[in-house]
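# Chains, contacts and geometry: an overview
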Amino acid sequence: MTKKRSTNWFITILITLGSLLILFPLYMTVSIALKNPEEMAESIFSLPTGLHFDNFTRAIEATDFFSAFKNSVVITVIAVCFILLTNSLVSYAVARNMNHKFFKGLYFYFISAMFIPFQIIMLPVVKLTTDLHMNNIPGLIILYIVYGLAFNIFVYVGYIRSIPIELEEAATVDGASTYGTFWRIIFPLLAPINATVAILSCLSTWNDFMLPLIILSKPESYTLPLVQYVFQGQFSTDYNLAFASYLLALAPMVIVYLVAQKWIINGITQGAVKS
Amino acid sequence: MAKRKAAFYSMTIPALLLFFAFHTFPTLQGIFYSFTNWDGYSDGYDFVGFKNFAALFQDENVLNAYLFTFKYAIVVTILINVISLLIALGLNARIKFRNFFRGVYFLPNVLGVLIVGYIFNYIFANAIPKLGEMLGSETLAINILGSEQWAWIGIVIVAVWQGIAFNTILYLAGLQTIPRDLYEASDIDGAGKWQTFWSITFPMLAAFFTINMVLAMKNSLMVFDQIVALTGGGPGRATQSIAMLIYQGGFQGGEFAYQSANAVIYFIVIVVISVFQLKFLQKREMDA
């Protein structure tokens, strides 16, 4: 028994080597973002000798970083809040009426959309959003909330059905409305699964490239990933500028991850085990 | 009771209408346009029946995109699942700094695919050739993204580097649901490590294996961001995926109707593969 409890150094070393492969591209990103062209000419792998923060000031100016950052934050925060509030409500109605044809049909209707590749709606949806003057940030947010249903209803319904219905029945007897029951009793109980949905939607919205690419028509509404794409041409040979810009675009989510790492991983793990 | 039913309807009907307007309606439109010759911006169009579909099957670019996408998706799905299962087993073993390593391996999942693609683009174009020069290796000295034959490998590497993060976490979650006493029993029976893996660990992970295979396959069949950042579909059309072809032809090539037809075929392909995968893998779950 004592032998089993000791550290397995062989696997520790393998895992360490593997993690170097994960970290290497990130090391390159940070070090190139902090170097100047002369240091690059000497060696592209070495650590920077000084810290050239002017790469960042140039990148912030060139890409209008704060505008893109603000857009990304606004889109992500509003979309995630509304996804949590609306998608859970819809799922509640569906989960509590699965014996009813309409709601059961609705469940499969939303879920089957997961199999429809985005490419089939991509071309018509651009036409539709342009006609409705929704080719802007509010339009994009609405699309994220609506499209989120396909996956989230699947996650929520499974979870809600595991909550005993007696809790609600007691509230109904006490005269609470159906909405009141949901907001006061069910929604707070959804906290663990809300965390999972929030994390997944936050990551996919923040990092999404394709929907902003085809929906957003004005440069002032561009998001962080879209800005990297648009300025790629200008970066062409100025790698220090390019990598400073990439690092700025990656940093906010990395910082959130470093702070809330345990919570994020547990949220995803729980979601996986429960559904 | 009727009031309760009315409330349930009012919770779902707005969502149903919005979902229909922004998802189902465009889907139907896409299918509708696939039977026309619309270019995407002219005022008028004509119905052409199945002409677009007939033309698709004779289009070399389409065939090329499907071949590339399938080759890519199969290789990526297998590599992601094998590697992430190995990492999950490693992280589940008695190692030092387990939480730290778990955090490192999940990190790529929070990074934007497009930006990761740009970073790797630089690594393939500059860092690896430099390394090749230093080591005097000719195979490493070329930029694989510039090679018609090998560019797809570059995209596979990036997709795997990033894709293993999520699957590793799911496998790790699966491993932690396996009760310890199962392993102790197998230990007492004198089973070897290999035997224990195939007779206990792997069957217990069946549900996670199914979901990971389906997710990885579906994601890689839709590959787009990596290609934009790494090759733009080139050199030539060597790495033009189906999603890339539909985007380029539909938005820039005046082939709205034609690429809509392509998207309809693509949709059918994805449904067939997903259903097949689920059926096959779930049957395996039962047998195990």
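Remember, it's a predicted structure, so these values are computed and weren't measured experimentally.

### Side note on the overall build of chain A
Per the secondary structure count, chain A includes 15 helices and 0 strands. The C-alpha radius of gyration computed for chain A amounts to 24 Å, which surpasses the reference 19 Å derived for 275 residues by more than 25%, pointing to a less compact arrangement than a globule. When its C-alpha atoms are laid out on the principal axes, chain A stretches across 75 × 70 × 35 Å. Every one of the 275 residues in chain A was classed for burial, and the buried ones make up 53%. Long-range pairs, those at least 24 residues apart, make up 70% of the contacts in chain A with a sequence separation of at least 6.

### Topic: the side chain of Thr 196 of chain A
Residues and elements named next belong to chain A. Position of Thr 196 relative to the elements: it lies in helix α11 (residues 191–207). Take Thr 196: its relative accessible area is 4%, and that puts it in the buried class. With residues up to four places along the chain from it excluded, the contact list for Thr 196 reads Gly 267, Ile 268 and Gly 271.

### Observations concerning the packing of aromatic side chains
All names here are of chain B. Enumeration according to the criterion identifies 49 aromatic pairs over all chains in this entry. Among the aromatic residues, those joined into a cluster by ring pairs are Phe 32, Tyr 33, Trp 38, Tyr 45, Phe 47 and Phe 256. The aromatic ring of Trp 152 is capped on one face by Lys 71, whose charged end is 4.4 Å from the ring centroid.

### Focus: the nonpolar core
One finds Val 94, Tyr 147, Leu 190, Leu 211 and Ile 214 of chain A together with Phe 106 and Phe 224 of chain B to be the most contacted residues of the largest nonpolar core, which totals 188 residues. Apart from residues lying up to four places away in sequence, Val 94 of chain A is in contact with Phe 103, Leu 106, Tyr 107, Ile 153 and Val 157 of chain A together with Thr 12 of chain B.

### Some details on the state of the cysteines
Residue and element names in this part refer to chain A. Going through the model one piece at a time under the given rule, you end up with 0 disulfides over all chains. Between Cys 81, a cysteine without a disulfide, and Cys 202, which holds the nearest cysteine sulfur, the sulfur-to-sulfur distance is 10 Å. Owing to a relative accessible area of 40%, Cys 81 belongs among the partly exposed residues under this scheme. Looking at Cys 202, the relative accessible area reads 22%, which means it is partly exposed.

### Considerations on the UniProt feature "transmembrane region" (unreviewed entry) in chain B
With numbering matched to this structure, UniProt assigns "transmembrane region" (unreviewed entry) to residues 72–91, 103–124, 150–175, 196–215 and 263–281 of chain B. Taken as a whole, residues 196–215 of chain B contains 95% helix and 0% strand, while its terminal C-alpha atoms sit 27 Å from one another.

### A look at the UniProt feature "domain: ABC transmembrane type-1" (unreviewed entry) in chain B
Per the UniProt record, "domain: ABC transmembrane type-1" (unreviewed entry) is found at residues 66–277 of chain B. Helix and strand shares over residues 66–277 of chain B are 77% and 0% respectively, and the end C-alpha atoms of the span are 18 Å apart.

### Regarding the side chain of Thr 196 of chain B
Residue and element names in this part refer to chain B. Within the secondary structure, Thr 196 sits in helix α9 (residues 193–204). Among the residues examined, Thr 196 registers a relative accessible area of 11% and is labelled buried. When near neighbours in sequence (up to four residues on either side) are disregarded, Thr 196 contacts Tyr 183, Ser 186, Ala 191 and Thr 201.

### Considering the confidence of the model for chain B
Caution applies to low-pLDDT parts of the model: their predicted coordinates are not meant to be read in detail. Chain-level statistics for chain B give a pLDDT mean of 87 and a share of 99% at 70 or above. Scoring of the predicted complex yields 0.88 for pTM and 0.87 for ipTM.

### What about the environment of Leu 145 of chain B?
Residue and element names in this part refer to chain B. With respect to the element layout, Leu 145 can be found in the loop between α6 (138–141) and α7 (151–175). Looking at Leu 145, the relative accessible area reads 7%, which means it is buried. For the pair Leu 145 and Thr 231, spaced 86 residues apart in the sequence, the C-alpha separation amounts to 6.5 Å.

### A word on unusual backbone geometry
Of note in the backbone geometry, His 133 of chain A takes a positive phi value of approximately 55° without being a glycine. The backbone of Phe 97 of chain B shows a phi angle near 50°, a positive value even though the residue is not glycine. Secondary-structure assignment places Phe 97 of chain B in the loop between α3 (60–92) and α4 (98–106). A residue is classified by how much of its surface remains accessible, and Phe 97 of chain B, at 58% relative accessible area, is exposed.

### Details of the UniProt feature "domain: ABC transmembrane type-1" (unreviewed entry) in chain A
Residues given the UniProt feature "domain: ABC transmembrane type-1" (unreviewed entry) here are residues 69–260 of chain A. The annotated region residues 69–260 of chain A carries 80% helix and 0% strand content, and the separation between its end C-alpha atoms amounts to 20 Å.

Reading the values: the criteria
- Residues numbered from 1 in each chain as written.
- Chains lettered and ligands numbered in written order.
- Predicted model: local features only at pLDDT ≥ 70, side-chain atom pairs only at ≥ 80, totals over all residues.
- Heavy atoms only, no water.
- Helix = DSSP H or I, 4+ residues; strand = E, 2+ residues; numbered from the N terminus.
- Rg over C-alpha atoms; globule rule 2.2 N^0.38 Å.
- Buried < 20%, exposed > 50% of the residue type's maximum accessible area, 1.4 Å probe, protein only.
- Contact = heavy atoms within 4.5 Å.
- Phe/Tyr/Trp six-rings, centres within 6.5 Å; stacked < 30°, edge-to-face > 60°.
- Lys NZ or Arg CZ within 6 Å of the ring centre and 35° of its normal.
- Core = buried A, V, L, I, M, F, W, Y, C linked by side-chain atoms within 4.5 Å.
- Disulfide = S-S within 2.5 Å.
- UniProt positions renumbered as here; feature names shortened; annotations may be inferred.
- pLDDT = per-residue confidence, 0-100.

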